[in-house]
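# Structural description and commentary
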Amino acid sequence: MAQEQVVQEKKAKPLVPFLRIPDKWPDEPAYLFGSRCQKCGAIFLGERYACGRCGAVGEFDEVRLSDEGEIYVFTVIHQSFPGIETPYIAAIIDLPEGVSVRANVYGLDPNNPGPYWFGKKVRMRAEKIRVDREGNDVIAPKYYVVEE
Ligand SMILES: [Zn+2]
């Protein structure tokens, strides 16, 4: 009976597998995590079972990744699925740990892109983007421009 209650409880679910949502969400912020190889120290986004650098298997420590990063490359999306507002900015963000993440960027005008966007500093904020069929909140990482 106790198990049934747990199943019915509304939960916050990450949209991507490399987003960690603390039990105390939203009082505690969600964050991106990676796996650090115990043998060579290489860091990868999300969970990892084998190291792409040294070949070690199953020897990883979870590490919290930085909220801040820089835009490595971007594109402006003008057409998307029905119900998705366009235009929006899709980017690859470089994190200081040497990991890259694909995410949308907010705080820039998608109708006026420019080369000065490359290298722009952004900060991750995890937000509820919708509710799934079971009534769970779906949480996604979004990147906002850091004004310098
Ligand atoms: Zn390794």
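Above this text you will find the structure in question.
Residues numbered from 1 in each chain as written. Predicted model: local features only at pLDDT ≥ 70, side-chain atom pairs only at ≥ 80, totals over all residues.

### Focus on the pairing of strand β6 (residues 68-77)
What counts, and what does not: Note on pairing: DSSP must find at least two bridges between two strands before they are called paired. Helix numbering and strand numbering both begin at the N terminus, where a helix is a DSSP run of H or I of at least 4 residues and a strand a DSSP run of E of at least 2.
Note that β6 and strand β9 (residues 121-131) share three bridges and pair antiparallel. Residue pairing for β9: G69 is matched across the bridge by V122. Relative to strand β7 (residues 88-94), β6 runs antiparallel, the two sharing seven bridges. Opposite V73, over in β7, you have I92 as the bridge partner.

### Observations regarding the environment of P110
Convention followed: The burial label depends on the number of other C-beta atoms within 10 Å of a residue's C-beta. Counts of 20 or more mean buried, 12 or fewer mean exposed, and intermediate counts mean partly exposed, with C-beta atoms placed from the backbone. Contact criterion: two residues are in contact if their C-beta atoms, reconstructed from the backbone, are within 7 Å.
Note that P110 resides in the loop between β8 (100-106) and β9. The class of P110 is partly exposed, set by 17 C-beta atoms lying within 10 Å. The sequence separation of P110 and A50 amounts to 60 residues, and the corresponding C-alpha distance is 38 Å. Non-local contacts of P110, meaning those with residues more than four positions away in its chain, are made with V76, P87, Y88 and I89.

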